[in-house]
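Examination of the molecular architecture
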Amino acid sequence: MTSETPDTTPTPTPAPAVQPFGLRPAPSASAPRDPRPGISAVTTDELKAWLVAQGQPAYRARQVADAAWGHKATGFDDVRTLPGDLRAALDEAFRFDTMTETEVRVTDGGLTEKAIHRLSDGLVIESVLMHYPARDDARERHTLCISSQAGCAVGCPFCATGELGMERDLETAEIVDQVRHAARRLAVDGKHLTNIVFMGMGEPLLNLDRVLESIGILNDPTRFGLGARHITVSTSGVVPGIERLTALGPQFGLAISLHAARNPLRDVLVPLNRRWPVEEVVAAARAHTQATGRRVTYEATMIAGINDTDADADAMADLLRGELAHVNLIPMNQVAHTPWTGTPIPQVVRFAARLGAAGVTATIRQNRGTEIGAACGQLAAEAAGRPAPIVVQRRRERLEAQSAAALRGERSEEPAPAGVGEKAP
Ligand code: SAH
Ligand code: SF4
């Protein structure tokens, strides 16, 4: 989760068998999943059919949807426009909310709210609401960063979610209900969400069916009604997923987590690079831009002495020169158990200037809510408990050795993480 630095120009913006960087298993589900569908992902036609089967008029579907997407009710029992027996029947058949518990932590003087949601099986996911006050030329914005999976199979070593490994895909309603929660909190102050980014826990393009279904619901004027151009999906580079989005035509924004332009280093920082190397990712992004006319955003988490050198900037410029692209540079947030630190701002500025001189535009961003863990997954990682010091030490040594080899230009011989390549999005 990131925000612009004040001094820069803002721009729009089953557990794997091999977990190369995983420190510990993801916090496993502690209960069976609630089989009742979440009401937010039930279609109007499905709901009407269910109501009719209950001997109820179909028009009640509208009342139920209004209650689900309104901001007052927190359960079917609050929907007093419905008869009592129907409220009870709805509660038996559906879940009003797929989150059994939500805790909100506020930081950045109220500008960042991190929500920790517990799911019916006990897994924990996170969403982050970021408030951007109005500025001279820009209206106020309220951006929600949401999760698409509990854990993540990709295993980027600097990412708290990557540390956890993969637990499971989120259901469509579990994705959408993160949005309902934030919208309800905003409504208390008469405000509404302006942007949604899939930059929380998980790799959205490895849960693409549900991500697309959730975006359809969020777009639907009879449900949430947020325009697709206000939604951005971020991927670590799942090429078949990008191609599927391209085939769908211009929709929402696409962000690619690049981190490094050189394959040996990207193999370490984004382990699925061993499956889809960086030039294939950029080619897929280029085809996306050509087909949709939409600019792709590239994200780079800056790690001191690892991917922030002049040589890295030049390699990135060579890779992206001529593309309709924009780069966001974000100093690494110190959350995962790595031997690394975030790049100091002056070096980020130098990197951005080098890209700019080569004709590639870049913006420097800062992490939001660092003291409560802006990069999603940190609080879930805390809930998983501390890994043993010896495990952390071995991981650090391994990352040091791997990044040193990468910096010498040697490619990793490890395979792509399990759970990444074999699943066709
Ligand atoms: N899996 C997708 C989307 C979720 S991660 C992806 O990787 O794009 C969203 C963003 O958070 C990514 O760009 C990721 O690089 C960034 N991120 C993860 N851990 C971070 C950290 N410790 N510091 C800064 N950014 C981080
Ligand atoms: Fe997964 Fe994205 Fe974290 Fe990498 S950065 S481990 S792809 S959530």
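First, a word on scope: everything that follows refers to the structure included in this document. (Residues numbered from 1 in each chain as written. Chains lettered and ligands numbered in written order. Predicted model: local features only at pLDDT ≥ 70, side-chain atom pairs only at ≥ 80, totals over all residues.)

1. Side note on the overall build of the chain
Cut-off, in case you're wondering: Going along the chain from the N terminus, every DSSP run of H or I of four or more residues is numbered as a helix, and every run of E of two or more is numbered as a strand. Burial in this document is a count-based property: other C-beta atoms within 10 Å of a residue's C-beta are tallied, and the residue is buried at 20 or more, exposed at 12 or fewer, or partly exposed in between, with C-beta positions derived from the backbone.
Counting its secondary structure elements, the chain contains 13 helices and 13 strands. Buried residues in the chain amount to 51% of all 425 residues.

2. Remarks on the packing of helix H10 (residues 310-320) against helix H11 (residues 345-357)
Spelled out, the test is: The convention used is that axes are lines fitted to C-alpha atoms, helices contributing only their stretch in contact, and that angles between N-to-C directions extend from 0 to 180 degrees. For a crossing to be left-handed, the near helix must be turned anticlockwise from the far one by less than a right angle; the clockwise case is right-handed. Contacts here follow a simple rule: the backbone-placed C-beta atoms of the two residues must lie within 7 Å. Residue polarity is assigned by list, with Asp, Glu, Lys and Arg as charged and Ala, Val, Leu, Ile, Met, Phe, Trp, Tyr, Cys and Pro as nonpolar; anything else, Gly included, falls into the polar class.
Between H10 and H11, whose axes approach to 9 Å, the crossing angle comes to 35°. Remark: the crossing between H10 and H11 carries right-handed chirality. Contacts between H10 and H11 involve Asp 310, Ala 313, Asp 314, Met 316 and Ala 317 from the first element and Phe 351, Arg 354 and Leu 355 from the second. Of the residues belonging to the contact of H10 with H11, the class tally is 5 nonpolar, no polar and 3 charged.

3. Thoughts on helix H7 (residues 239-248)
Our working definition: Summarising the geometry, the arc corresponds to the directions from the helix axis toward the C-beta atoms.
Among the residues of H7, those classed as buried are Gly 241, Ile 242 and Leu 245. Within H7, the buried residues cover an arc of 100° as seen down the axis, which keeps them to one side. At its buried positions, H7 is contacted by helix H6 (208-219), strand S9 (231-235), strand S10 (253-257) and helix H9 (278-292). Where H7 ends, the next residue or the one after it, Gly 249, has phi of about 90°, a positive value.

4. A look at the nonpolar core
Stated formally: We call a set of buried Ala, Val, Leu, Ile, Met, Phe, Trp, Tyr and Cys residues a nonpolar core when their C-beta atoms link them within 7 Å. What marks off one domain from the next here is an automatic or database domain assignment.
Residues Val 179, Val 327 and Leu 329 are the most contacted members of the largest nonpolar core, which totals 110 residues. For this core, the element with the highest residue contribution is helix H5 (residues 172-187), accounting for 6 residues. Built from parts of two domains, this core gets at least three residues from each of domain 1 (39-93) and domain 2 (102-407). Excluding residues within four positions of it along the chain, Val 327 makes contact with Tyr 298, Ala 300, Leu 320, Leu 355, Val 360 and Ala 362.

5. Here we look at the site of ligand 2
Going by this rule: Think of it this way: take the backbone, place a C-beta atom on it, and check whether that atom is within 6 Å of the molecule or strand, in which case the residue is near it.
Neighbouring residues of ligand 2: Cys 152, Val 154, Gly 155, Cys 156, Cys 159, Thr 161, Gly 162, Gly 202, Glu 203, Ser 236 and Ser 257. When grouped by side-chain class, the residues that make up the shell around ligand 2 number 4 nonpolar, 6 polar and 1 charged.

6. A word on the packing of H5 against H6
Applied cut-off: What sets the label is the angle itself: under 35 degrees gives roughly parallel, over 145 gives roughly antiparallel, 65 to 115 gives roughly perpendicular, and the rest give oblique.
At a minimum axis distance of 8 Å, the contact between H5 and H6 shows a crossing angle of 45°. Taken together, the axes of H5 and H6 lie oblique to each other. Where H5 crosses over H6, the two elements pack in a sense that is right-handed. For the pair H5 and H6, the contacting residues are Thr 172, Ile 175, Val 176 and Val 179 in the first and Arg 210, Val 211, Glu 213, Ser 214, Ile 217 and Leu 218 in the second. Here the residues of the contact of H5 with H6 sort into 6 nonpolar, 2 polar and 2 charged.

7. Some details on the pairing of S9
Residues in a regular strand project their side chains so that they alternate between the two faces of the sheet. Inclusion rule: Following DSSP output, two strands are said to pair if at least two bridges run between them. Note on handedness: a clockwise path from strand one over the helix to strand two, with the strands aimed away from the viewer, defines a right-handed crossover.
For S9, the tally of buried residues reaches 4 of 5 residues, placing the bulk of the element in the interior. The sheet contact formed by strand S8 (residues 195-198) and S9 spans 3 bridges and is parallel. Following the sheet pairing, Val 197 is matched in S9 by Thr 232. Regarding the hand of the β-α-β motif, the stretch spanning S8, H6 and S9 is right-handed. Where S9 and S10 come together, 4 bridges link them in parallel fashion. Opposite Thr 232, over in S10, you have Gly 253 as the bridge partner.

8. Concerning helix H1 (residues 44-53)
Taken together, the buried positions of H1 are occupied by Leu 47, Trp 50 and Leu 51. In a view along the axis of H1, the buried residues occupy a sector of 100°, so they form one face of it. For H1, exposure combined with an orientation more than 90 degrees from the buried face picks out Asp 45 and Ala 53. Elements in contact with the buried residues of H1: helix H2 (60-69) and helix H3 (84-93). Positive phi shows up at Gly 55, right after H1, with a value of about 80°.

9. Brief notes about the pairing of strand S5 (residues 141-145)
By the criterion of burial, S5 is predominantly enclosed, with 4 of the 5 residues buried. Summarising the sheet, strand S4 (residues 124-132) and S5 pair through 5 bridges and their orientation is antiparallel. In the sheet register, Leu 129 faces S5, and the bridge partner there is Leu 144. When S5 meets S8, the two strands line up parallel, connected through 3 bridges. Directly across from Cys 145, in S8, lies its bridge partner Val 197.

10. Section: the environment of Met 316
Positionally, Met 316 belongs in helix H10. Residue class for Met 316 comes out buried when judged on the 27 C-beta atoms lying within 10 Å of it. When the C-alpha atoms of Met 316 and Phe 351 are compared, they prove to be 9.9 Å apart, with 35 residues separating the residues in sequence. Discounting chain neighbours no more than four positions away, the residues touching Met 316 are Ala 261 and Leu 355.

11. Some remarks on unusual backbone geometry
In this structure, Asp 108 is a non-glycine residue whose phi angle is positive, near 55°. Mapped onto the fold, Asp 108 is located in the loop between strand S2 (99-107) and strand S3 (112-119). Residues other than glycine seldom take positive phi values, yet His 259 does so here, at roughly 65°. Relative to the helices and strands, His 259 resides in the loop between S10 and helix H8 (263-269).

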